[in-house]
Amino acid sequence: MLTPASHYRRLLGTIGGVSFEGIPFEETEDQQALRQLARDVAERELLPRARHWDETEEFPQASLDALRDAALIGITIGEKYGGMGMGDVEAAIVLEELGRVDVSSAILAQLIFNGPPRAIEHLGSDALRERWLPMAASGEAGFCIGISESEAGSAVTHMRAQLTRDGDGFRLNAYKNYVTGGHKARACLVWCRFPASEGAKGIGAVVVDLESPGVEVTGTHVKMGLRGTSEAELAFDDVRVEEDDVLLFGDPDNSDSFKRLISHINHERCGNAAMCIGAAQGALEYAIRYMSERVVGGRPLADIQGLQWKVADMATQLDAARLLMLRAVHLAGPHGTPPALETAMAKTAANLAAKFVCDEAIQLLGGYGYSREYPVERIYRDIRGLCIGAGTIEIQRNFIGSNLVKGRIPNSPSWRNPLR
Ligand SMILES: Cc1cc2nc3c(=O)[nH]c(=O)nc-3n(C[C@H](O)[C@H](O)[C@H](O)COP(=O)(O)OP(=O)(O)OC[C@H]3O[C@@H](n4cnc5c(N)ncnc54)[C@H](O)[C@@H]3O)c2cc1C
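By convention here, each chain's residues receive numbers from 1 onward along its written sequence. Reporting of local features is limited, given that this is a predicted model, to residues whose pLDDT is at least 70; pairs of side-chain atoms are given and counted only at 80 or more, and all residues count toward the totals for whole chains, interfaces and linings. Note that water and hydrogens are dropped before the side-chain values are worked out from all heavy atoms of the structure.

J.: Can you walk me through the overall build of the protein in this structure?
T.: When helices and strands are counted, the protein shows 12 helices and 12 strands. Its C-alpha atoms give the protein a radius of gyration of 21 Å, near enough to 22 Å, the size a compact globule of 420 residues would have. For the protein, the spread of C-alpha atoms along the principal axes amounts to about 80 × 55 × 40 Å. Accessible area is worked out with a 1.4 Å probe on protein chains only. A residue is then buried under 20% of its type maximum, exposed over 50%, and partly exposed in between. Expressed as a percentage of its 420 residues, the buried residues of the protein come to 54%. We call two residues contacting when some pair of their heavy atoms lies within 4.5 Å. When contacts within the protein are restricted to residue pairs at least 6 apart in sequence, long-range pairs at least 24 apart make up 73% of them. With an accessible surface of roughly 17,700 Å², the protein has 50% of that area assigned to carbon and sulfur atoms. Only DSSP runs of H or I with at least four residues qualify as helices, and only runs of E with at least two residues qualify as strands; both kinds are numbered from the N terminus onward. Two things to know: the radius of gyration comes from C-alpha atoms, and the globule rule equals 2.2 Å times the number of residues to the power 0.38. For every accessible area listed, the method is Shrake-Rupley and the probe measures 1.4 Å; residues are considered covered only by the protein chains on display.

Structure representation (structure tokens):
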């Protein structure tokens, strides 16, 4: 189903010519080698089981093992802790390649690359880093992130998860909903309120060992797609939290910690965009190959101009989204965080492009596109969840629009602030 590796080299040749201020997009030799490794592992180990995870809803443990064996799981964790110290560009390269064959498996890498371990390394204390990062780098422990609650999804500042003082530490009472991989993880980054706080003020975060007394997985959601990696509901009933477990203290007088947490989610949003782009790339490649093989009325579908136009639109939207994603991750630099406006644009574009491309891929395959024996309907179901997770498309649009009308501009060659 997949085109040869030279496809990406050709693609990179094209985007190598595009330049935003200070952002060359050409991949280094090391990055190309990383892409090739990720592609090899994805095609050899992940692709053959992708349908199995979807049909059975089993956790893709074999994918995790394969990523660990290929030393692909700890790439963004600092070398001091056993990782490779890579940044958002490399994370996006690997997530794109894994997403191209199986998003359920790619999400396992996303949780390590752009989830709690990254937050612990950037925002946490030495104690937290030393406790958790070696286990993340080796793939020994899984991580999950508990932000959403049933009454606080998009309206995240309405969260009720509450810490109360307990001697020199705290007690956590919370009910977190839709926690990806929460039923398998060892640690959860829980966003919660510090004592006497309201709204965005006083929201901080703690890292909870899920083997602690008082933690319970109360269920997992039955979903349309991404069926390998379940989303769990986690109850925290008077769970003891030490001061050392605090990632960021919330101050009831300001929302500084909340702003830092929200800004750090940009890593996850870029990873979400990369997985969408990879998945849509996989669907597009599959559809093109199908069109050249499927003969209808005596000629291949690939010869019908009306269908070539579909492919043209799919590839154009996909590459536009890819360029936005590359801009956001390159702006992060090797150890920084992708900027918010460019990240929101990248996630929105990637979500919308993936929806469009996967939907059209189903159409191009006709009845077979709708069949579970062919992969494009699975890819569509998988990326549909990515349009909701990590901040919905609507919430990204709110952010982009409200910033633009305040005069903020994205990094782009021709943008000028219209309000000046
Ligand atoms: C596959 C998947 C994985 C997830 N993984 C995690 C995870 O690991 N950890 C975690 O904490 N959460 C996770 N989530 C939860 C996710 O972050 C929330 O579902 C999301 O933030 C939306 O919240 P909600 O479901 O409560 O929808 P609601 O907030 O109820 O929104 C419903 C609809 O209204 C729209 N809407 C709401 N407010 C506005 C507004 N002000 N303007 C415009 N439109 C608006 C939304 O965009 C949406 O379309 C995951 C979700 C999915 C689908």
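J.: Would you mind showing me how to read helix α11 (residues 376–386) here?
T.: Since the α-helix packs 3.6 residues into each turn, any two residues three or four apart lie on the same face. For α11, a buried count of eight out of 11 residues is recorded, marking the element as mostly surrounded by other parts of the structure. Packing partners of the buried residues in α11 comprise α2 (29–56), α5 (103–113), α8 (256–293) and α10 (340–364).

J.: What am I meant to see in the pairing of strand β6 (residues 187–193) here?
T.: If a strand is regular, its side chains alternate between the two faces of the sheet. With respect to burial, β6 is a largely interior element, seven of its seven residues being buried. With burial as the criterion, each face of β6 is covered, one bearing Ala-187, Leu-189, Trp-191 and Arg-193 and the other bearing Cys-188, Val-190 and Cys-192. A pair of strands is labelled paired if DSSP reports no fewer than 2 bridges between them. As paired strands, strand β3 (residues 143–146) and β6 are joined by four bridges and run parallel to one another. Across the sheet, the residue bridging to Gly-146 is Val-190, located in β6. Bridge count between β6 and strand β7 (residues 203–209): seven bridges; the pairing is antiparallel.

J.: How should the nonpolar core be read in this particular structure?
T.: Generally speaking, a soluble globular protein has its nonpolar side chains buried in company with each other. Formed by 96 residues in total, the largest nonpolar core has its most connected members in Trp-191 and Leu-247. Looking at which element gives the most residues to this core, the answer is α8, with 17 residues. Think of a nonpolar core as a cluster: buried Ala, Val, Leu, Ile, Met, Phe, Trp, Tyr and Cys residues, connected wherever their side-chain atoms sit within 4.5 Å. Core analysis: the next-biggest nonpolar cluster, separate from the first, contains 22 residues, Leu-163, Ala-174, Val-208 and Leu-234 among them.

J.: For this particular structure, what's the right way to read the site of the ligand?
T.: Here, proximity means that at least one heavy atom of the residue falls within 4 Å of the molecule or strand. Surrounding the ligand, one finds 18 residues, the nearest of these being Ser-148, Ser-154, Tyr-178, Thr-392 and Glu-394. Here the ligand has 970 Å² of accessible area as a free molecule, and 63% of this is covered by the chains. At the level of elements, β3, β5 (169–180) and α12 (393–405) are the ones that each hand at least two residues to the shell around the ligand.

J.: Is there a simple way to explain the pairing of β7 in this structure?
T.: Counting buried positions over the seven residues of β7 gives seven, a clear majority of the element. In β7, alternate side chains face the same way, and those of Ile-203, Ala-205, Val-207 and Asp-209 on one face and Gly-204, Val-206 and Val-208 on the other are all buried. The pairing of β7 with strand β10 (residues 246–248) spans two bridges and is antiparallel. Residue Ala-205 lies in a different strand from β10, and its bridge partner there is Leu-248.

J.: How should the pattern of salt bridges be read in this particular structure?
T.: Opposite charge on two side chains lets them pair, provided their charged atoms get close. One speaks of a salt bridge when a side-chain nitrogen belonging to Lys or Arg is within 4 Å of a carboxyl oxygen belonging to Asp or Glu. The full count for this structure, using the stated rule, is 32 salt bridges. Between Glu-97 and Arg-39 there is a salt bridge; the shortest N-O distance is 2.8 Å. With Glu-97 in helix α4 (residues 88–99) and Arg-39 in helix α2, this pair connects stretches of sequence that are 58 residues apart. In this structure, Glu-97 and Arg-39 share a single accessibility class: buried. Note that Glu-97 and Arg-100 form a salt bridge whose closest N and O atoms lie 3.9 Å from each other. Exposure remark for Arg-100: the relative accessible area of 1% places this residue in the buried category. In this structure, a network of salt bridges that share partners links the residues Glu-27, Arg-35, Arg-39, Glu-43, Glu-96, Glu-97, Arg-100, Glu-285, Asp-319 and Arg-322.

J.: I'm lost on the packing of α8 against α11 in this one. Help?
T.: Angle between the axes and distance between the axes are the two parameters that describe a pair of packed helices. Here an axis means a line fitted to C-alpha atoms, over the contact stretch when the element is a helix, while the angle between two N-to-C directions is reported on a 0 to 180 degree scale. Look at α8 against α11: their axes get within 10 Å of each other, and the N-to-C directions meet at 165°. Compared by their axis directions, α8 and α11 come out roughly antiparallel. Of the two possible hands of crossing, α8 and α11 adopt the one that is left-handed. Contact with α8, carried on its side by Asn-272, Met-275, Cys-276, Ala-279, Gly-282, Ala-283 and Tyr-286, involves Val-376, Ile-379, Ile-383 and Leu-386 of α11 and no other residues of that element. In the scheme used here, Gly and all other residues not listed as nonpolar or charged are polar, with Ala, Val, Leu, Ile, Met, Phe, Trp, Tyr, Cys and Pro taken as nonpolar and Asp, Glu, Lys and Arg as charged. Residues belonging to the contact of α8 with α11 are distributed by class as follows: nine nonpolar, two polar and no charged. Roughly parallel means an angle under 35 degrees; roughly antiparallel, over 145; roughly perpendicular, 65 to 115; everything else is oblique. In this scheme the handedness of a crossing depends on how the near helix is turned from the far one: anticlockwise by less than a right angle means left-handed, clockwise means right-handed.

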